[in-house]
Amino acid sequence: MPIDLRSDTVTRPTPAMLEAMMQARVGDDVFGEDPSVNQLESMAARLFGMEAALYCPTGTMSNQIAIKCHTQPGDEVICEKNAHVYIYEGGGIAFNSGSQVRALEGDRGRITAEQVSMVINPDDVHKARTSLVALENTCNRGGGSCYDLEEVKKIQQVCSDNQLKLHLDGARLFNALVATGRSAAEFGRVFDSISVCLNKGMGCPIGSILIGRTNFIRQARRIRKVFGGGMRQAGFMAAAGVYALENNIDRLAQDHAHARQIAAVLEKKGFVKSIMPVETNIIIFETEGGTCAKDLAQHLKEKGILAIAIAANQIRFVTHLDITSEMVAKVIEVIEEL
Ligand SMILES: *Cc1c(COP(=O)(O)O)cnc(C)c1O
């Protein structure tokens, strides 16, 4: 079996998680009658100190539902130029919401309150109506970078001063919380909506939760149905989510330690030109002139290690629940020999 560092989405449910799924009490969730889905939604809402939550099949759907609820066709959404909602969701903002994007150049995926305030359109018939700011935490293309909560609060102030909604793509928010020592509730207070993934470091086979106010979630539930995401006995999957919220958050620190260990070895290698600061479970490095990222990924594959070449000269490693300390030792051994 290769050591799979391509993404934290490759995890498989542990025996304990599978047992929780097998024991799940279920019902028809479109009727609102699935006790496991209801349990997961109320757990998530409570965790973030928000009013309500909605279980969705994917993080993409959670984000797209939120954007649809917060915008009207012809509106403009402010986000960073490498944001998942913009570059990795199939043009969904245009397709689903008929809105356009104002993409900002951030610092490893993070934008500032000042940047946001500079691009809000005036009330002018020539201009698209700016209605939403979407942040990402951690930032995938920023190498798993974390937002400073104080900056997020400033962005929130700009949003409320200008009647903009604020959404968080928190696919890996739990990684950020563990890394920065912040609580879910601190983020819940700042955002109009938050999406979190259960299918990544949390170790579930599928699933994401969208969290927000009662009225927002009522509208989101309608849009989820329109998008084809109204699932029936989804409780078998939601039970995995309940298990993950109870057992898999604190252990993310282990993934972060593993990532730092691998990065420390990479830093010393000649084929590594630069490496983004490793704050969580993602390592992105740039290869030196002569080394093409694709060739390096292929070479690693032959040595039993899977990684992704995310650009011509960039490789990404992601640590996760299925990567043990023994595997990290093996990865380090292989890198040292390169
Ligand atoms: C993975 C990811 C998502 C959603 O992914 P799905 O595969 O649709 O669950 C959203 N945002 C970010 C930053 C991600 O990394």
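First, a word on what this report is: a plain description of the structure on this page.

Bringing the packing of helix α1 (residues 15-22) against helix α11 (residues 235-247) into the picture now. Where α1 contacts α11, the two axes come as close as 8 Å, and the packing angle between them is 135°. The orientation of α1 with respect to α11, classified from their angle, is oblique. Crossing angle aside, the handedness with which α1 passes α11 is right-handed. Contacts between α1 and α11 involve Ala16, Met17, Ala20 and Met21 from the first element and Phe236, Met237, Ala239, Ala240, Tyr243 and Ala244 from the second. The residue inventory of the contact of α1 with α11, partitioned by class, reads 10 nonpolar, no polar and no charged.

Taken together, 13 residues lie near the ligand, and Gly59, Thr60, Asp169, Asn199 and Lys200 sit nearest. Within the contact set of the ligand, an oxygen atom lies 2.8 Å away from a backbone nitrogen or oxygen of Gly59. Residue Lys200 places a side-chain N or O atom 2.7 Å away from an oxygen atom belonging to the ligand. The greatest single-element share of the shell around the ligand, amounting to three residues, is contributed by helix α3 (residues 59-70). Considering only residue class, the shell around the ligand consists of two nonpolar, six polar and five charged.

Let us look at the sheet that holds strand β13 (residues 314-318). Judged by pairing direction, the sheet is antiparallel, and its four strands sit side by side in the order β9-β10-β13-β12 without closing on themselves. Two strands in the sheet have a free side with no partner beyond their single neighbour: β9 (272-275) and β12 (308-311). Across the sheet, the mean angle separating the axes of adjacent strands is 35° when strand polarity is ignored. Relative to strand β10 (residues 282-287), β9 is paired through three bridges, and the arrangement is antiparallel. By the bridge assignment, Ile275 is partnered in β10 with Phe285.

Quick notes on the rules
- Residues numbered from 1 in each chain as written.
- Predicted model: local features only at pLDDT ≥ 70, side-chain atom pairs only at ≥ 80, totals over all residues.
- Heavy atoms only, no water.
- Axes fitted to C-alpha atoms, helices over the stretch in contact; angles between N-to-C directions.
- Helix = DSSP H or I, 4+ residues; strand = E, 2+ residues; numbered from the N terminus.
- Parallel < 35°, antiparallel > 145°, perpendicular 65-115°, else oblique.
- Left-handed = near helix turned anticlockwise from the far one by under 90°.
- Contact = heavy atoms within 4.5 Å.
- Nonpolar A, V, L, I, M, F, W, Y, C, P; charged D, E, K, R; others polar.
- Near = heavy atom within 4 Å.
- Polar contact = N/O pair within 3.5 Å; in protein donor to acceptor, adjacent residues only side chain to side chain.
- Pairing = 2+ DSSP bridges.

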